[in-house]
Amino acid sequence: MPATSQNKIVETATSREQVEIADLTRLINKLVSLVPGDHDNTFFFGDLSHAQLVERVRAEVRLRKLRCELLGVPQDMFSMPAWEILTELLLAELLGQQNNVSTVGLEAGIPQSTAQRWLVLLEKRNLVRRRRDFMDKRRQWIGLTPSAYKALCRYFAA
């Protein structure tokens, strides 16, 4: 997405959305600051195995969907788009999968336009990164930055 398009999206984000993303950024940066350097994943998983960490992240996703199902409300009723995108991206990375930009919203259960807006904000805060697909130049892959990955692993391992 051209820089001018990104700027327009950031400018149209509500002040509430900007506060939420700033809060998440501060939390992740604080978690990253606790990490003294590069370590293997076992450092970030704590005493958990990879499978246990995957299950914790899956449980977070399941609980989000379950509360809406049990209350009979749409998923966006309790939506926290930034968090939902980050957890979906973490789960994908833990499972060795890739998400493209157009499917992130579907996986997180949020509208595509909302997902696009939040991806721009998360990218601006250096929490997600985009990579072009070399086979199909129209497609972009989206993933966590290394610092966001490490911080989220530590969060779920805590």
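Residues numbered from 1 in each chain as written. Predicted model: local features only at pLDDT ≥ 70, side-chain atom pairs only at ≥ 80, totals over all residues. Heavy atoms only, no water.

Following the criterion strictly, the structure yields three aromatic pairs and no others. When the ring of Trp83 is compared with that of Tyr155, the centres are 5.2 Å apart and the planes differ by 80°; the resulting orientation is edge-to-face. Taken together, the residues span a long stretch of sequence, with Trp83 in helix H5 (residues 81-94) and Tyr155 in helix H8 (residues 146-157) at a distance of 72 residues. Residue classification places Trp83 among the buried positions, given a relative accessible area of 11%. Owing to a relative accessible area of 38%, Tyr155 belongs among the partly exposed residues under this scheme. Feature note: the residues Trp83, Tyr155 and Phe156 constitute an aromatic cluster, connected by ring pairs. (Phe/Tyr/Trp six-rings, centres within 6.5 Å; stacked < 30°, edge-to-face > 60°. Helix = DSSP H or I, 4+ residues; strand = E, 2+ residues; numbered from the N terminus. Buried < 20%, exposed > 50% of the residue type's maximum accessible area, 1.4 Å probe, protein only.)

With that settled, consider the nonpolar core. Of all hydrophobic cores here, the largest spans 37 residues; its most connected members are Ile85, Leu86, Leu90, Leu94, Leu122, Val128 and Leu144. Elements supplying a minimum of two residues to this core: helix H2 (15-33), helix H4 (50-71), H5, helix H6 (101-108), helix H7 (112-124), strand E3 (140-144) and H8. Top contributing element to this core by residue count: H5, with eight residues. (Core = buried A, V, L, I, M, F, W, Y, C linked by side-chain atoms within 4.5 Å.)

Taken over all residues, the pLDDT of the protein has a mean of 81, while the share at 70 or more is 82%. Ignoring residues within four places in sequence, the model shows residues 36-42, a span with pLDDT below 50, making four contacts including any to other chains. (pLDDT = per-residue confidence, 0-100. Contact = heavy atoms within 4.5 Å.)

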